[in-house]
Amino acid sequence: MNYLKKIFSSFITIFIVSLIIFLLFESLPGDPVLARLGVESDPLLEARLRDEFGLNAPLYTRFFKWCFQVINGNLGKSFSYSSYTVLELIKSRFLTTFIITITTLIIVIVVSIPLGTILAKNHKRKAFKFIKVFSQIGFSIPAFWIAIVLIYIFSLKLKLLPTLGTINWNRYPITSIKSLILPILTLSISKVPLVSHYLCNSMIEESSKDYVRVARSKGLNQSEIYKRHILRNSLISVITIIGMITIYLITGTIVIENVFALPGLGTLLMEGINRKDYPLVQGIVLYISFSVILINFIIDIIYNIIDPRIRKGKEKR
Amino acid sequence: MKKKIITTLITLSLLSLSGCKDEKSEESSKMIIPIKVGFNSIAPNTDVSAATKEVIRNINSGLVKFDPDSKKLVPALAESYEIENEGKTYIFKLRDNIKFHNGKNITPEDIKYSFERVSGINTGRAIVGEWNKKLDSVNILNDNTVEINIKDDVKSSSDIYNIADVSIIPAGISEDQLEKNPIGAGPYKFVEYIPGQKIVLEAFDDYYLGAPEVKEVEFKVYKEGAGRLLSFKNGEIDFLPLNLESLKEIEKDKNIEIVSSLGNDVNVLYLNNSFKPFQNKNVRQAIWQAIDMDRIVKNLSLPKTEKLYTHMSPYLKEIYENSVKKSYPYNPEKAKELLRESGYSALNFTLTTISENTFENDLALFIKEDLAKVGIDITINPIPWGQYLPEVYKGHKYEAALLRVAGYPDPQRILQRYETNYSSNMSSYSNEEVDNLLKEAAQTYDEQKKIDIYKKIQILLNKDIASVYLIDQGVSVALSSKYTGYKTYPFAFIDVSTIKLKNNNK
């Protein structure tokens, strides 16, 4: 029942987000027809396009028409890529963003959890204090800057990887893999320090709590305490951070996709905004809202698995 | 276990590095050209934006075409043409044995179909609005001659430029086919298109001017920025339009060929006549004379930048009016005097620019500095192109505005912007004499007579200070060390067929 409620409220959220985006987009300066036709626009073509995309209709008619289409599984036709539907365009960009997201997440989890633990265990040592400062610098550096440094090292100096993303899994699978290495590395480098830093702080805080002292006084094994109690409890807050990173990655890492000329969802969204392609922007926003809600669901489930208190708390209610 | 994972990872990465060799050699035979944005449509003549045209022109051919060497229109798919009935009728004789990309010979039926398609004469769905107004009929005279009739009330001597723009396509082909798999008679055949990402083209061996040397070309969407320059230096892209910063970087490398030319685009400082102070010619002149154009050229120029005096660049040599060259030299003292005389010694106005265009924003800063020296205070207002287009360009809602106005090979199309009732008359300029001269030029089919009229118009624009004409910044393009011979055009066109392979020419 609880989940049913959540699903219902999620749909309401998606509806409200769509409506807000529709209204915001409408209030933005600019004209989609002129954005498409440019300076060479001609009154006859302008009128034809306005008619073809129903732009003469009032705002609410357009919005509800769009909602009706979506219910029927149709996101409409892109305004700026005339012979393609929004769904086709999202599909064509989805895989790139998906691979980047999943791989970066795996790297972030695999590297930052042991790193954070090691940092927490040794946080009193001088050398580790230095590493902590270093990691602080790490997450303050903007990702595009890391990207340029990596391009300089791996592409220009070592000539190992391309600067330019070529994604074509059928014709050039290896080039496609190579094109994704630097973007994934860039994102991982900018996110690993953040997660490990957060985990480390959370573990230090956790280890000063009473129950840890009790466990220690009982003579429990130190590494057992870390594994079973401190890490487990610290992961709760880290999962929130990882959830936020996932949302950031899934919505398309606009800057990184631009730097590496990668055909992902972030660049598609930017194109849609620049060209005032409202069906495309609405479609991508819908996809993003849906993903964010889904990720929140997954995080909820993980919380339940990791911390039985949350599960039990819910059951009691 | 750990060892196993590490060994597998190392083996996999080694495999990927060895495997990439074949892919790389396959890709390196392809010329890669970066473009700024994706296309609305790849069907011929459907997308009118310059960003699309510069690419799609490689697939299509018209009956006549612009020759960048002579800077004139020359026959293309047509072997020759005649203009009859005082400009109402154009008769084209087709070349023998010319082919479309699908191997079919081009016939007069195809010409008829192509012109009827753009005008929407049969379908009611015009592709080019201008042709919808103009086309009267297309008649097939015999198996290699076709006659195009223009409606009497709208015929103009610059119709031949409109004819050059119509892409010839096979008769009967549907819009759907053209959208997904365009066919033309240009130097390159369509291979693959991924919307918003890239279009791949392949040399057409039966092209009527001979097969191009570059066998495969990929136009890839890759926005401007530091990444593009690095990719060019790394040999991943073979073509790089240069700006001030990248030119300095690229110039150091002696292996790289830089092609520079005048661009025929005109940077104009529009002064809106609806803003009261600008109705006074002395104020307009003061602004012109207060701007140190030499300093702008020195600091912002590409190799071929030229100062301008009217809305015509010396690119179109024959039409360019030389006599205006000495007008309004930099003279801040004179500017101050003119402002005093006109009662506007302290003037404020807003200068609207396009926020995405770094060059114009730099230009605005130079102008602001110069004008401050004569007591004019300007506020620079950069707005995105999406807003600039409807508000400033179409709606004329501005006080002063900077714009890089695209050039055309047709002087009528350039100067028409100063006709009183023309929709894109940015400065709301109005001069009956100019209106009459433009009408006269449109009805004159004698080349020399037309040139004289256009020169007269330039003198009038300069005399009236219809706008403050700044510079033609020119274009500079870098080609990777494998290529040579690129030619620039006075309109949006990256003509890959002019590019040669360096090794072939040694």
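Our subject is the structure that appears above.
Residues numbered from 1 in each chain as written. Chains lettered and ligands numbered in written order. Predicted model: local features only at pLDDT ≥ 70, side-chain atom pairs only at ≥ 80, totals over all residues. Heavy atoms only, no water.

1. Considering the overall build of chain A
Line of reasoning, step 1. The helix and strand inventory of chain A stands at 14 helices and zero strands.
Line of reasoning, step 2. Its C-alpha atoms put chain A at 85 × 60 × 35 Å along the principal axes.
Line of reasoning, step 3. The proportion of buried residues among the 317 residues of chain A is 49%.
Line of reasoning, step 4. Nonlocal contacts in chain A, meaning residues at least 24 apart in sequence, comprise 72% of its contacts between residues at least 6 apart.
Line of reasoning, step 5. In the form shown here, chain A has an accessible surface area of approximately 16100 Å², with 69% of it arising from carbon and sulfur atoms.
Line of reasoning, step 6. Each charge class in chain A can be summarised by its mean position, and for the 36 positive and 18 negative side chains these summaries are 15 Å apart. (Helix = DSSP H or I, 4+ residues; strand = E, 2+ residues; numbered from the N terminus. Buried < 20%, exposed > 50% of the residue type's maximum accessible area, 1.4 Å probe, protein only. Contact = heavy atoms within 4.5 Å. Areas by Shrake-Rupley, 256 points an atom, 1.4 Å probe, with all protein chains shown as cover. Lys, Arg positive; Asp, Glu negative; His and termini not counted. Charge placed at Lys NZ, Arg CZ, Asp CG, Glu CD.)

2. As for the packing of helix 5 (residues 86-121) of chain A against helix 13 (residues 278-306) of chain A
Residues and elements named next belong to chain A.
Line of reasoning, step 1. The contact between helix 5 and helix 13 brings their axes to 9 Å, and the two run at 55°. Compared by their axis directions, helix 5 and helix 13 come out oblique. Both helix 5 and helix 13 take part in a crossing whose hand is right-handed. In this structure, helix 5 contributes V86, L89, I90 and F94 to the contact, and helix 13 contributes P279, L280, G283, I284 and Y287. (Axes fitted to C-alpha atoms, helices over the stretch in contact; angles between N-to-C directions. Parallel < 35°, antiparallel > 145°, perpendicular 65-115°, else oblique. Left-handed = near helix turned anticlockwise from the far one by under 90°.)

3. Quick look at helix 15 (residues 432-442) of chain B
Residue and element names in this part refer to chain B.
Line of reasoning, step 1. Looking only at helix 15, the buried set comprises V434, D435, L437, L438, A441 and A442. Taken around the axis of helix 15, the buried residues stretch over an arc of 165°, which confines them to a single face. Residues of helix 15 that are exposed and point over 90 degrees away from its buried face: E432 and K439.
Line of reasoning, step 2. Packed against the buried residues of helix 15 are helix 14 (411-415) and helix 16 (447-464).
Line of reasoning, step 3. The opening residue of helix 15 is N431, an N-cap whose side-chain oxygen sits 2.9 Å from the backbone nitrogen of E433. (Arc of directions from axis to C-beta. Polar contact = N/O pair within 3.5 Å; in protein donor to acceptor, adjacent residues only side chain to side chain.)

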